[in-house]
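Summary of the model geometry
This is what each chain is made of:
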Amino acid sequence: MSEINTEAQTHDAELVAEEIAAGDRPAPKVDVSADYEAAQEFSQSNVDKAGKGQEAAEAATAPHFEAHSAEETELPTDHLASEPTGDPDLYRDMAKEVSHGSSATGNVDDDLVKKALELGKPGEH
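Bear in mind that the values here come from a model prediction, so they are computed numbers and not experimental data. (Residues numbered from 1 in each chain as written. Predicted model: local features only at pLDDT ≥ 70, side-chain atom pairs only at ≥ 80, totals over all residues. Heavy atoms only, no water.)

1. As for the overall build of the protein
Stated formally: Per the convention used, a helix needs a DSSP run of H or I reaching at least four residues, while a strand needs a run of E reaching at least two, with both numbered from the N terminus. Exposure classes here rest on a 1.4 Å probe applied to the protein chains alone. A residue is buried below 20% of its type maximum, exposed above 50%, and partly exposed in between.
Helix and strand counts for the protein stand at seven helices and zero strands. Taken from the N to the C terminus, the helices and strands of the protein come in the order α-α-α-α-α-α-α. Burial status across the protein gives 1% buried among its 125 residues.

Structure representation (structure tokens):
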């Protein structure tokens, strides 16, 4: 049924075009600026005109979890030199400050390694 309507509409349009070309019918006048103004009325929905569209968009895109803002952190600068010196002793001192100490790593010697190898690998008993 839609094919019939399409064919009829196409035939009607061809007849009108022929009548306009022959001068039997005046050409339609198009007011572009009036059409543009009319289109502007339809370019924004009633929801957006009322301001509820922005509220809905913000609610839809709001984070689901609380986001904390970044805070400025003060770093201690008492052990840092203001100007780079290239002095290796300063780097050694810094490394001692940030190291975990000798108690955290323990002392490993050859005898301890041999004993561990004799006992076997972890998980083998």
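Read on for the rest.
2. What to know about helix H7 (residues 110–119)
The buried fraction of H7 is low, at zero of ten residues. Looking one or two residues past H7, Gly120 carries a phi angle of roughly 105°, positive in sign.

3. Side note on a nonpolar patch on the surface
Counted only if it meets this: The residues that make up patches have over 30% relative accessible area and no salt bridge, and they are joined within 9 Å when like-charged or within 5 Å when they are Val, Leu, Ile, Met, Phe, Trp or Tyr. With residues, only the protein chains shown are counted as cover, and all accessible areas are computed by Shrake-Rupley using a 1.4 Å probe. Salt bridge, as used here: a side-chain nitrogen of Lys or Arg that lies within 4 Å of a carboxyl oxygen of Asp or Glu.
On the surface, a cluster of nonpolar side chains totalling about 400 Å² of accessible area is made up of Val108, Leu112, Val113 and Leu117. Structurally, Leu117 can be placed in helix H7.

4. Comments concerning the pattern of salt bridges
Within the structure shown, the criterion is met by two salt bridges. Here Glu19 and Arg25 are joined by a salt bridge, their closest N and O atoms 3.2 Å apart. Note that Arg92 is salt-bridged to Asp89, the shortest N-O span being 2.8 Å. Note that Arg92 and Asp89 are positioned in helix H5 (residues 88–98) at a spacing of three residues, about one turn of the helix. Residue classification places Arg92 among the partly exposed residues on the basis of a relative accessible area of 48%.

5. Describing the confidence of the model for the protein
Formally: pLDDT measures how confident the predictor is about each residue, on a scale from 0 to 100.
Chain-level pLDDT for the protein is 79 on average; 79% of the residues reach the 70-or-more range. Averaged pLDDT values for the elements of the protein fall to 55 in helix H6 (residues 102–105) and rise to 88 in helix H2 (residues 32–42).

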